[in-house]
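Here are the chains, one letter per residue:
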Amino acid sequence: MSSVQFNIEYKTKIKVGFIGCGGHAYRNVYPTFDYAPVDLVAVCDLMPDRAEAYRARFGAQRAYTDHKEMLRKEKLDAVFVVLNFDRNGHPLYPKIVPDILEAGLPVWMEKPLAYTAEEGERLLELEARSGQIVQVANKRYFFPAYVKAKQIINRDAFGQPVSVAAQYPLTLSPFQEQLGTRTGLDYFMDICHPMSGIHLLMGDVKEMLFSEHQPSGNTHTIFKFKSGAVGSLHLTATHSTAAPLERTEVVGQSQSVMVDNGMRLIYYKGAKGSGEYGKAQNFIGDDPVDGPVIWEPEFSLGQLYNKNLFLQGMVQSVNQFAHAVIRGEKIEKSTLADAVHMTKIFDAYKKQADQWIAIS
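First, a word on scope: everything that follows refers to the structure included in this document.

With mixed pairing, nine strands are arranged side by side in an open sheet as β16-β15-β14-β13-β7-β12-β11-β10-β17. The two strands at the open ends of the sheet, each matched to only one other strand, are β16 (293–295) and β17 (357–358). Relative to β17, strand β10 (residues 205–213) runs antiparallel, the two sharing two bridges. Bridging from a neighbouring strand, Met-208 pairs with Ile-357 of β17.

Grouped together as the largest cluster of nonpolar side chains are 59 residues, with contacts concentrated most on Phe-18 and Tyr-30. Looking at this core element by element, the count peaks at seven residues for helix α9 (residues 314–327). Setting aside anything within four residues of it in sequence, one finds Phe-18 in contact with Ala-25, Val-29, Tyr-30, Phe-33, Leu-40, Ala-42, Val-43, Cys-44, Met-70, Phe-80 and Val-82. Within the second largest apolar cluster, 46 residues are counted, among which are Tyr-146, Leu-170, Leu-185 and Tyr-267.

Time to look at the packing of helix α7 (residues 192–202) against helix α10 (residues 336–348). Two elements in contact, α7 and α10, have axes whose closest approach is 10 Å; the angle formed by their N-to-C orientations is 125°. Between α7 and α10, the interaxial angle falls into the category oblique. Considering the relative orientation of α7 and α10, their crossing is right-handed. Touching Cys-192, Met-195, Ser-196 and His-199 of α7 are Asp-338, His-341, Met-342 and Ile-345, all from α10. Class assignment of the residues belonging to the contact of α7 with α10 gives a composition of four nonpolar, three polar and one charged.

Here is what the cut-offs are and how they apply
Within every chain, residues take consecutive numbers counted from 1 along the sequence as written. A pLDDT threshold of at least 70 governs which residues receive local features in this predicted model, and a stricter bar of 80 or more applies before side-chain atom pairs are shown or counted, although totals over entire chains, interfaces and linings include all residues. By convention in this description, side-chain values take in all heavy atoms of the structure and omit both hydrogens and water. At least two bridges found by DSSP between two strands is the condition for calling them paired. Each helix is a run of DSSP H or I of at least 4 residues and each strand a run of E of at least 2, with the numbering of both proceeding from the N terminus. Residue types Ala, Val, Leu, Ile, Met, Phe, Trp, Tyr and Cys, when buried and joined through side-chain atoms within 4.5 Å, form a set referred to as a nonpolar core. Three exposure classes are used, based on accessible area relative to the maximum for each residue type with a 1.4 Å probe and protein chains only: buried under 20%, partly exposed in between, and exposed over 50%. Contact criterion: two residues are considered in contact whenever any of their non-hydrogen atoms come within 4.5 Å of each other. Axes, fitted as lines to C-alpha atoms, cover a helix only where it is in contact. Angles between the N-to-C directions of the axes lie from 0 to 180 degrees. Roughly parallel means an angle under 35 degrees; roughly antiparallel, over 145; roughly perpendicular, 65 to 115; everything else is oblique. Crossings are assigned a handedness: left-handed for a near helix turned anticlockwise from the far helix by less than a right angle, right-handed for a clockwise turn. In this count, Pro and Cys sit with the nonpolar residues alongside Ala, Val, Leu, Ile, Met, Phe, Trp and Tyr, while Asp, Glu, Lys and Arg are called charged and the others, Gly among them, polar.

Below you can see the structure in the form of structure tokens.
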């Protein structure tokens, strides 16, 4: 794996505009440009003071309060979009991204994509017509631990992945009979976090069934994947905040791999010591080299891999997009189509529990 290049080391960069000057963008997106071939030309926010503050802080040339004006006046290669929700708790991207695609520019946008899969499918149609690329920043496609887990799963020795079990803290609001749906789901759109990790490792979901506990909002889901594999997702709304946030384990043929808390990777292979049941004397395998392998970061060195921007894959996400724009190529993962698949799963959770739901 090659070393990271700093922004100042790149000879070729893309000129970008950035729509959105909020706290998440400040912490997790603008700083990634230090490690990517990105030249920030202009920023845009509805609040002029904030737009000007971000322009000065991150070195842009101009600040705008109207994204259409920015698209019209600036000569850009791509646009980054990081927005909040409207008053109904729906993502604003379906209202803004079409303007960028119609201007003939590729888009890097934050998740969640949309409140309904129908909105996402309209964006897919527009992406196809425009000939541009849209990358939706579901960051688990780029978590180092998930990326390495995927490489392990693809090894012949691992065999075909047959099942997955995952856990993540989310609260599912109650189904409202009079409305025929659920409300208050703006935070539940974070289902794209565990599901993007599962999707990277296991592929598309074919159908799902979930059962819920109310009023806690704890939920257990069973998945059937198009590959034939099965899986489960435990949404632990009431778990201790002192506990690890998440866990995902994939089981193959006599091997398994686990991503613990998003950053600790455990590869279970080999076997315990030989001997018949009840008489085996050693829990360590006869060949200790062929045993479990554990990777986790250390935080005592000033390495980039210890930075949150790298542990959560934000720099890797931005670099995939920037290099694709430079080369005129399609992106490999975290695509708009991937995000639409996540949104279809979100749509399924709006329905009544305890029924099989097809993910078309």
